[in-house]
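# Structure assessment
Listed below are the residues making up each chain.
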Amino acid sequence: EAKGQGKGRQVVFDDRMDQRTAEQSRLTAELRNAVGTDQLYLLYQPIVAMPGGELAGVEALARWTHPSRGPVSPAVFIPAAERTGSIVPVGAWILEQACRQAAHWRATMGDAAPRTVSVNVSARQLREDGFAEEVAAILSRTGLPPAALTVEVTETAVFDGGAALEELKNIAGLGVKIALDDFGTGHSSLGLLRTCPADVLKVDKSFVDDVTADGPQTVVAAALISICDGMRLRAVAEGVETAEQAAKLQQLGYRYAQGYYYARPLPAEDIAGYRPATPDVLSFPARAPK
Ligand code: C2E
Ligand code: MG
Ligand code: MG
Ligand code: MG
């Protein structure tokens, strides 16, 4: 009897799984069809130098307006696209779009152009055979110098297996910069810094949120900047929302930040017009007295 019930539950569970899988397949099939239409586009969030807030780079962030559902968050459609494999063609389109845009900024903005465009690349893309060759082809088609592209990967994606790490080394071999995204939230962190060809470490927002509280987050944020300095990695603090956080991060030694305090993700055409907010506001209190 009990066994029968358990079995029944199992069937219901499987049905739900099937439904969810079917739902994801439908959604990501629609996502593939959105490529090349105005439903799918990229916003660019400034990565800034502190204390002045000058543009140091931008991160491309995908946006999808579904015809009937309205805006769908990348936190929903990216994981779904990873599971169904749609991220491979969709991600390739995103990469090319971002590189073309960055090349355009370089041609039109000169020295004021963002020095690098960061593009998120998922584990599924990294594991794809020949991904580095595809990156090389995109760079040559768009005319973007390799050093002006930063590929953002999570520790989990690289930790996933040897193939991903090998592909990452191939990409680094092209001269493309590598950033470890959401750093500190995965499960390999410190060991990875020895094996992975990283140039940038993006300190996760979860260490920034309470950085002013002088608690565990502050200790981790301080430890990470010290590691980055020692290993000649550039540290970017993610999700900076307040002047107090910006000031504390600078006091800890951070020089680069990304977050709503400086700028939200912006349409490509707004990047040329990006200006730091009044420097006196931003630099106060840049180095708070101890
Ligand atoms: P991420 O790569 O860590 O990107 C940073 C996320 O934090 C973005 O969310 C950004 O809008 C948000 N953010 C930036 N500053 C702040 C802040 O001050 N406060 C708060 N609360 N949030 C802030 P978004 O655009 O919703 O993207 C979520 C995630 O989806 C990204 O996290 C990335 O993992 C993934 N994603 C987005 N676009 C792409 C893409 O083109 N390809 C891939 N593979 N993943 C992408
Ligand atoms: Mg990112
Ligand atoms: Mg991130
Ligand atoms: Mg994050």
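Look above for the structure.
Overview of the structure. Residue positions are given per chain, counted from 1 along the sequence in the order it is written. Chains and ligands are labelled by the order in which they are written, letters from A for the one and numbers from 1 for the other. Predicted model: local features are reported for residues with pLDDT of at least 70 only, side-chain atom pairs are reported and counted for 80 or more only, and whole-chain, interface and lining totals are derived from all residues. Note that the side-chain values use all heavy atoms of the structure and ignore hydrogens as well as water.

### Quick look at the site of ligand 1
A single heavy atom is enough: if one lies within 4 Å of a molecule or strand, its residue is considered near that molecule or strand. Around ligand 1 sit 20 residues, and of these Arg 63, Asn 120, Asp 181, Glu 241 and Tyr 260 come closest. Each polar contact in these results corresponds to two N or O atoms within 3.5 Å; when the atoms are within protein, one needs to be able to donate a hydrogen and the other to accept it, and residues that are neighboring in sequence are counted only if both atoms are side-chain atoms. One nitrogen or oxygen atom from the side chain of Asp 182 is found 3.0 Å from an oxygen atom belonging to ligand 1. Between Glu 238 and ligand 1, the recorded distance is 3.3 Å, taken from a side-chain N or O atom to an oxygen atom. To measure how exposed things are, a 1.4 Å probe is used in the Shrake-Rupley method; for residues, cover is taken only from the protein chains shown. Bound to the protein, ligand 1 loses 81% of the 800 Å² it would expose on its own. Numbering of helices and strands runs from the N terminus, with a helix taken as a DSSP run of H or I at least four residues long and a strand as a DSSP run of E at least two residues long. The element best represented in the shell around ligand 1 is strand E2 (residues 54-66), accounting for four residues. Its residues assigned to classes, the shell around ligand 1 comprises eight nonpolar, five polar and seven charged. Here the term charged refers only to Asp, Glu, Lys and Arg, the term nonpolar to Ala, Val, Leu, Ile, Met, Phe, Trp, Tyr, Cys and Pro, and the term polar to all other amino acids, Gly among them.

### Considerations on the packing of aromatic side chains
Side-chain rings of Phe, Tyr and Trp (the six-membered ring for Trp) are treated as a pair once their centres are within 6.5 Å; stacked means planes under 30 degrees apart, edge-to-face means over 60, and tilted covers the remaining angles. Evaluation of the coordinates by the stated rule reveals three aromatic pairs. With 5.7 Å between their ring centres and 90° between their planes, Trp 64 and Phe 77 make a pair best called edge-to-face. Here the residue Trp 64 occupies a position in strand E2, and Phe 77 occupies one in helix H2 (residues 74-84), the gap between them amounting to 13 residues. The pair formed by Trp 64 and Phe 77 is uniform in burial state, with each residue classed as buried. With a centroid separation of 4.9 Å and an interplanar angle of 70°, the aromatic rings of Tyr 261 and Tyr 262 are classed as edge-to-face. Here the term buried applies to any residue with accessible area under 20% of the maximum for its type, exposed to any over 50%, and partly exposed to those in between, with areas from a 1.4 Å probe on protein chains only. Judged by relative accessible area, which is 21%, Tyr 261 ranks as partly exposed. The class for Tyr 262 is buried, based on a relative accessible area of 11%.

### Some details on the environment of Ala 102
Among the secondary structure elements, Ala 102 is positioned in helix H3 (residues 87-109). As for Ala 102 and Gly 273, which are separated by 171 residues in sequence, their C-alpha atoms are 15 Å apart. Residues count as neighbours in contact if any of their non-hydrogen atoms are within 4.5 Å of one another. Apart from the residues lying within four places of it in its own chain, the contact partners of Ala 102 are Val 117 and Leu 144.

### Digging into the coordination of the magnesium ion (ligand 2)
Counted as donors are N, O and S atoms no farther than 2.8 Å from the metal, or 3.2 Å for Na, K and Ca; water is not among the atoms, and sites may therefore look incomplete. Distances from the magnesium ion (ligand 2) to its protein donors, Glu 59 (OE), Asn 120 (OD1), Glu 152 (OE) and Asp 181 (OD), fall at 2.0 to 2.2 Å. Here the donor residues of the magnesium ion (ligand 2) share one chain and are spaced in sequence as E-x60-N-x31-E-x28-D. In this structure the magnesium ion (ligand 3) is found 3.7 Å away from the magnesium ion (ligand 2), and Asp 181 serves as a bridging donor for the pair. With Glu 59 in strand E2 and Asp 181 in strand E6 (residues 177-183), this residue pair connects regions lying 122 residues apart in the sequence. Judged by relative accessible area, which is 4%, Glu 59 ranks as buried.

### Description of the nonpolar core
Each nonpolar core is a collection of buried residues, namely Ala, Val, Leu, Ile, Met, Phe, Trp, Tyr and Cys, held together in the definition by side-chain atoms within 4.5 Å. Counting 79 residues, the largest nonpolar core has Tyr 44, Trp 105, Leu 144, Leu 149, Val 153, Leu 180 and Tyr 254 as the members making the most contacts within it. Among the elements that take part in this core, H3 stands out by supplying twelve residues, more than any other. Not counting residues up to four positions away in its chain, the partners in contact with Leu 144 are Cys 99, Ala 102, Ala 103, Arg 106, Val 117, Leu 139 and Leu 149. Ranked by size, the runner-up nonpolar core spans seven residues in total, among them Ala 56, Ala 179, Val 200 and Tyr 256.

### With respect to helix H5 (residues 131-142)
Its twelve residues place the ends of H5 17 Å apart at the C-alpha level, agreeing with the 16 Å of an ideal helix rising 1.5 Å per residue. Those residues of H5 that fall on the buried side of the exposure criterion are Phe 131, Ala 132, Val 135, Ile 138, Leu 139 and Thr 142. Looking down the long axis of H5, one finds its buried residues gathered within 120° of arc, a one-sided arrangement. In H5, the exposed residues that point more than 90 degrees away from the buried face are Glu 133, Ser 140 and Arg 141. Along its buried surface, H5 packs onto H3, helix H4 (123-127), strand E5 (149-154) and helix H7 (162-173). One or two positions beyond H5, positive phi appears at Gly 143, with a value near 75°. Here a helix's expected span is defined as the number of its residues, less one, multiplied by 1.5 Å. Directions are taken from the helix axis to each C-beta atom, and the arc is the one they span.

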